[in-house]
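Here are the chains, one letter per residue:
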Amino acid sequence: KAGVTQTPRYLIKTRGQQVTLSCSPISGHRSVSWYQQTPGQGLQFLFEYFSETQRNKGNFPGRFSGRQFSNSRSEMNVSTLELGDSALYLCASSLGSSGYEQYFGPGTRLTVT
Amino acid sequence: AQSVTQLGSHVSVSEGALVLLRCNYSSSVPPYLFWYVQYPNQGLQLLLKYTSAATLVKGINGFEAEFKKSETSFHLTKPSAHMSDAAEYFCAVSPMNRDDKIIFGKGTRLHILP
């Protein structure tokens, strides 16, 4: 069974631009979560989607948004990029929320200049 | 609210020595507990999972963890460290409430000394 895939793997953007990251979960997984990872803040939860509905949301500004499609694929969007948005963005999929382990993709490394 | 605390952001052990990474959780009911490992420039990989079936859980790469309810702990151990174990390790707790998200600790970076 194929793992979680994320595209693109690397991305360089300029301040003020917007970016869209994509995540394809493991087949059959209906839950997709997004995380931001930086050296200073560690792993921070962005949001979780389950069956196209946002189930949980972390403490990030409205510039960060996401969605999930009927095939469980998910995208996250960051508008008006800031230098501080430079990070590794990780996507994880699972069968459900409570009690289910998450399977992580390799991440998208976003650099904002 | 559920929470998880990992003691020590950095731990160094000599190759061949015992590895002990500490994790304490806060939960009103016994949760599901996980340990993940992250190698450089990669995503997190599941090491092991506690689901209440057994208090001692064996995972991949020779790691194991013991659930101790009285201490609200889920420490990760490996009898003999290998250079390839150098990575960052995350403890996580998943609540029983089906709508609550999994919560990760801040991580412990394990350094292996030759």
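These lines cover the structure that appears in this document, whether it is placed above or below. Counting restarts for each chain: residues are numbered from 1 in the order of the written sequence. All chains are assigned letters beginning with A, and all ligands numbers beginning with 1, in the order in which they are written. Confidence filtering applies because this is a predicted model: local features only for residues at pLDDT of at least 70, side-chain atom pairs given and counted only at 80 or more, and all residues used for totals across whole chains, interfaces and linings. Note that water and hydrogens are dropped before the side-chain values are worked out from all heavy atoms of the structure.

1. Notes on the overall build of chain A
Point 1. From N to C terminus, chain A includes 0 helices and 11 strands.
Point 2. Each helix is a run of DSSP H or I of at least 4 residues and each strand a run of E of at least 2, with the numbering of both proceeding from the N terminus. When the helices and strands of chain A are listed from N to C terminus, the series reads β-β-β-β-β-β-β-β-β-β-β.
Point 3. Taking 2.2 N^0.38 as the reference for a compact globule, 113 residues should give roughly 13 Å; the C-alpha atoms of chain A span a radius of gyration of 13 Å, in line with that estimate.
Point 4. Projected onto its principal axes, the C-alpha coordinates of chain A cover approximately 35 × 25 × 25 Å.
Point 5. By residue count, 53% of the 113 residues in chain A fall in the buried class.
Point 6. Intrachain contacts of chain A at a sequence separation of at least 6 include 54% that bridge at least 24 residues.
Point 7. Surface exposure of chain A reaches about 5200 Å², of which carbon and sulfur atoms provide 47%.
Point 8. Counting rule applied: Lys, Arg positive; Asp, Glu negative; His and chain ends not counted. Where a charge lies is defined by one atom per residue type: Lys uses NZ, Arg uses CZ, Asp uses CG and Glu uses CD. Computing the positive centroid from 11 side-chain charges and the negative centroid from 6, chain A places the two 4 Å apart. Put simply, the radius of gyration uses C-alpha atoms, and a globule should come to 2.2 Å times the residue count raised to 0.38. Each residue is placed in one exposure class: buried if its accessible area under a 1.4 Å probe, protein chains only, is under 20% of its type's maximum, exposed if it is over 50%, and partly exposed if it falls in between. Should any heavy atoms of two residues lie within 4.5 Å, those residues are considered in contact. Each accessible area is a Shrake-Rupley estimate made with a 1.4 Å probe; only the visible protein chains count as cover when residues are assessed.

2. Looking at the interface of chain A and chain B
Point 1. Every contact between the two is made by 20 residues of chain A and, on the other side, 22 residues of chain B.
Point 2. Interface of chain A and chain B: buried area, both sides summed, is about 1600 Å²; carbon and sulfur atoms make up 51% of it.
Point 3. For salt bridges, the criterion is a side-chain nitrogen of Lys or Arg within 4 Å of an Asp or Glu carboxyl oxygen. Inspection of the region where chain A meets chain B yields 1 salt bridge.
Point 4. Glu101(A) is the partner of Lys49(B) in a salt bridge, and the nearest nitrogen-oxygen pair spans 2.7 Å.
Point 5. Counted as a polar contact is a pair of N or O atoms within 3.5 Å, where, for protein atoms, one must be capable of donating a hydrogen and the other of accepting one, and residues adjacent in sequence contribute only when both atoms are in side chains. Linking chain A with chain B are 3 residue pairs in polar contact (both at pLDDT 80 or more). The term buried area denotes the loss of accessible surface (1.4 Å probe radius) that occurs when two parts are joined, taken as the sum for both partners.

3. Quick look at the layout of surface pockets
Empty pockets left among the atoms are what a rolling probe the size of a water molecule brings to light.
Point 1. The definitions used throughout rest on a 1 Å grid laid over the protein atoms alone, on which a cavity is an enclosed set of points accommodating a 1.4 Å probe that cannot get out and a pocket is an open set flanked by protein within 12 Å on both sides along at least five of seven lines; lining residues are those having an atom within 4 Å of a point. Grid points are joined across faces, edges and corners, and a volume is the space filled by probe spheres set on the points. In this structure, the largest pocket occupies an estimated 440 Å³ of space.
Point 2. In terms of lining residues, the largest pocket is bounded by 19 residues, among which Gln37(A), Thr38(A), Pro39(A), Glu88(B) and Arg109(B) are the most central.
Point 3. Gly falls in the polar group here, along with every residue not listed as nonpolar (Ala, Val, Leu, Ile, Met, Phe, Trp, Tyr, Cys, Pro) or charged (Asp, Glu, Lys, Arg). Residues belonging to the lining of the largest pocket are distributed by class as follows: 4 nonpolar, 11 polar and 4 charged.
Point 4. For the second largest pocket, the lining is made up of 16 residues, of which Leu43(A), Ile103(B), Phe104(B), Gly105(B) and Lys106(B) are closest to its centre.
Point 5. At the level of secondary structure, the elements contributing two or more residues to the lining of the second largest pocket comprise β5 (42–50) of chain A together with β1 (3–7) and β10 (103–104) of chain B.
Point 6. The element contributing the most residues to the lining of the second largest pocket is β5(A), with 4 residues.
Point 7. When its residues are assigned to classes, the lining of the second largest pocket shows 7 nonpolar, 7 polar and 2 charged.

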